Amino acid sequence: MRTFIRVLIGILTVATGFLLLLTDIMSYVRPSTTLYTLCPLTLFFSTFVVIIFFLAVYWFIRKRWIIGSFCIIMLAVSTPNMLRTYCSVPDYETVHNPDGIRFLSYNVHLFSWFENEKGIDNANKMLDYIAATGSDVVCLQEFLYHNSGTYTLSYIKEKLKSYPYSHIEVLSHNRRVSKCIATFSKYPIVEQKAVKFDVPYHGAIISAINIKGTVYNVVNCYLKSNQLTEQEKDLTPDYIGTKPADKSAQGLISRVYNKLVKASLERCNEAETVAREIEKINRNMIVCGDMNDIPASYVYRTMRGHMKDAMLLTHSFPNTGITFHEGIYNFRIDYFFISDNIKPCEFSIDKQPMSDHYPIQLTCLQ
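Every chain's residues receive numbers from 1 upward, in the order its sequence appears when written. Local features in a predicted model are, by the rule used here, given only for residues with pLDDT of at least 70; side-chain atom pairs are given and counted only at 80 or more, and totals for whole chains, interfaces and linings are based on all residues. Heavy atoms from the whole structure form the basis of all side-chain values; hydrogens and water molecules are not counted.

Student: Got a sec to walk through the sheet that holds strand β12 (residues 334-338)? Specific residues and values, please.
Tutor: Adjacent strands of a sheet pair through backbone hydrogen bonds, lying either parallel or antiparallel. Any two strands between which DSSP finds at least two bridges are classified as paired. Note on conventions: DSSP H or I runs of at least 4 residues are helices, E runs of at least 2 residues are strands, and numbering of each starts at the N terminus. With mixed pairing, six strands are arranged side by side in an open sheet as β5-β6-β7-β8-β12-β9. Whereas interior strands pair on both sides, the edge strands pair on one side only; in this sheet they are β5 (189-195) and β9 (308-309). With five bridges joining them, strand β8 (residues 285-290) and β12 adopt antiparallel strand pairing. For G289, the partnering residue across the bridge sits in β12 and is Y335.

This is the structure in structure tokens:
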């Protein structure tokens, strides 16, 4: 019996090591026709790391040096992705600087309008919070307003009247509402550009903002989401375990995986489209937003390019920097990327519960 258990643990070790290696490959290689079905594996990168670490401990305790060394090698290969996921040694000391330039990025989740019967109250709380941060530039994703009635764009601009300049791109609309991506600024926006995607509801905008004589190119992104329904998100052990032989549960899992694959491929295309626009500017860049993918992904590497991840510059291990929170799903998918000539002095994640995303803030030296 003990031998059988050891064999099972050995199989688990090899399988986990192989899956961990695949997730590393997927972060460096653009998904092709042969690899595209593996895209969702990157979501489980942290899980694979934790499992292989404890398996390494197990095998070394058992004095099985070869297989224990195999685990260590797999962890070593994954080190770059681990540093991006769990944070590396910071290059800058976090210092509160009231004279710095403050940026806010926030996915407001349509102000929870369709989930909350008192949507206007929740929207007002979010707008009041945004105004109270005192940020110089505010980048909002899943921004919504009514085309008529009370909660119009004029109403929102009045709530955010400390931001006289704005760049708003409508991504989809009907007679009732408009869904947008929006950047608000206390300083003049001297140039605007929209980056169009082939799918609705998602996009990016580039705003050239003159802040105290220096023009900053602020890229506000909202990349393809997985668009899972509430039922599809409920793939918890309790749900799946209720009827293990139920074909409907199996069909649900298959549908979820197919959605994840399709969304991953579309995000790759969108990330490459935005990256090409960023390369044309390549200075005084602030790239932020909801990129809907984790640090151990091709999308992250493509969007970041030669820029720096602001959180990694200012936060040390251990800090996973979770920005998306919904039930059992907790990931870092909202980012600030900055060009080399910009010096950050503070990065923070504000644990506001009003949306399924936490707002992130960055302060840079002028």
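Student: Break down empty space enclosed by the protein for me, with residues and values.
Tutor: Here a cavity denotes grid points, spaced 1 Å and computed from the protein atoms alone, that fit a 1.4 Å probe unable to get out, and a pocket denotes an open set having protein on both sides within 12 Å along at least 5 of 7 lines; residues with an atom within 4 Å of a point are the lining. Grid points are joined across faces, edges and corners, and a volume is the space filled by probe spheres set on the points. Tallying each qualifying case throughout the model produces two cavities of 30 Å³ or more. A volume near 70 Å³ is recorded for the largest cavity. As for the largest cavity, its lining consists of M26, P31, C39, T42, S264, C268, D293, S297, Y298 and V299. At the level of secondary structure, the elements contributing two or more residues to the lining of the largest cavity comprise α9 (247-281) and α10 (298-304). In this count, Pro and Cys sit with the nonpolar residues alongside Ala, Val, Leu, Ile, Met, Phe, Trp and Tyr, while Asp, Glu, Lys and Arg are called charged and the others, Gly among them, polar. Along the lines of polarity and charge, the residues of the lining of the largest cavity split into six nonpolar, three polar and one charged. When its volume is computed, the second largest cavity comes out at roughly 30 Å³. Across the lining of the second largest cavity, the residue classes break down as four nonpolar, three polar and two charged.

Student: Let's hear about the pattern of salt bridges: which residues, and what values?
Tutor: Any Lys or Arg side-chain nitrogen found within 4 Å of a carboxyl oxygen on Asp or Glu counts as a salt bridge. Under the definition given, this model contains eight salt bridges. A salt bridge links K196 to E169; the shortest N-O distance between them is 2.5 Å. Of this pair, K196 sits in the loop between β5 and β6 (203-211) while E169 sits in strand β3 (residues 165-173), and the two are 27 residues apart along the sequence. Working definition: with a 1.4 Å probe on protein chains only, accessible area under 20% of the residue-type maximum means buried, over 50% means exposed, and in between means partly exposed. Note on E169: relative accessible area 17%, which makes it buried. E266 is the partner of K224 in a salt bridge, and the nearest nitrogen-oxygen pair spans 3.4 Å. Taken together, the positions of K224 in the loop between β7 (214-222) and α7 (230-233) and E266 in helix α9 put the pair 42 residues apart, joining distant regions of the chain. The two residues K224 and E266 agree in class, both being buried. Salt bridges sharing common partners tie together K193, E277 and K280.

Student: So what's going on with the side chain of H202? Which residues, and what values?
Tutor: Turning to its location among the elements, H202 is positioned in the loop between β5 and β6. In this structure H202 comes out as buried when scored by relative accessible area, which is 3%. Polar contacts involving the side chain of H202 include one to the main-chain carbonyl oxygen of P200, which spans 2.9 Å. In protein, a polar contact requires one atom able to donate a hydrogen and another able to accept it; more generally it is a pair of N or O atoms within 3.5 Å, and residues adjacent in sequence count only if both atoms are side-chain atoms.

Student: Hey, could you go over the packing of aromatic side chains for me, with residue numbers and the actual values?
Tutor: Note on aromatic contacts: the rings of Phe and Tyr and the six-membered ring of Trp form a pair at centre separations within 6.5 Å, being stacked when their planes are under 30 degrees apart, edge-to-face when over 60 apart, and tilted otherwise. Counted by the stated rule, this structure contains 14 aromatic pairs. In textbook terms, an aromatic cluster arises when at least three aromatic residues are bridged by ring pairs, as seen for F111, F143, Y145, Y151, Y155 and F184.

Student: Summarise helix α2 (residues 45-61); cite the residues concerned and give the values.
Tutor: Counted at 1.5 Å a residue, the expected span for α2 with its 17 residues is 24 Å, and the 25 Å between its end C-alpha atoms agrees. Positive phi appears at K63, one or two residues downstream of α2, with a value of about 60 degrees. Each helix should span, by expectation, one fewer than its residue count multiplied by 1.5 Å.

Student: Report on the packing of helix α1 (residues 2-28) against helix α3 (residues 65-77), specifying residues and quantitative values.
Tutor: The N-to-C vectors of α1 and α3 enclose an angle of 15 degrees; their axes lie 10 Å apart at closest approach. Taken as axis vectors, α1 and α3 run roughly parallel relative to one another. In this structure, α1 meets α3 at a crossing whose hand is left-handed. Along its contact with α1, which presents G10, T13, V14, G17, L20, L21 and D24, the element α3 presents I67, F70, C71, M74 and V77. By residue class, the composition of the contact of α1 with α3 is eight nonpolar, three polar and one charged. What counts as an axis is a line fitted to C-alpha atoms, over the stretch in contact for a helix, and the angles between N-to-C directions run from 0 to 180 degrees. Orientation is classified from the angle alone, with under 35 degrees giving roughly parallel, over 145 giving roughly antiparallel, 65 to 115 giving roughly perpendicular, and any other angle giving oblique. Helix crossings fall into two classes, left-handed where the near helix is turned counterclockwise from the far one by less than a right angle and right-handed where it is turned clockwise. Residue contacts are counted whenever heavy atoms from the two residues lie within 4.5 Å of one another.

Student: Residues and numbers for the environment of S297, please.
Tutor: Within the fold, S297 resides in the loop between β8 and α10. C-alpha separation for the pair S297 and C268, spaced 29 residues apart in sequence, amounts to 9.5 Å. With near-sequence residues (within four places) excluded, S297 lies in contact with S27 and T42. One polar contact links the side chain of S297 to the main-chain amide nitrogen of Y300, over a distance of 3.2 Å.

Student: Outline α1, supporting the account with residue identities and numerical values.
Tutor: Over its 27 residues, α1 runs 40 Å from end to end, which matches the ideal 39 Å to within 8%, given 1.5 Å per residue. Inspection of α1 places I9, G10, T13, T16, G17, L20, L22, T23, D24, M26 and S27 among the buried residues, and these make up the whole buried set.

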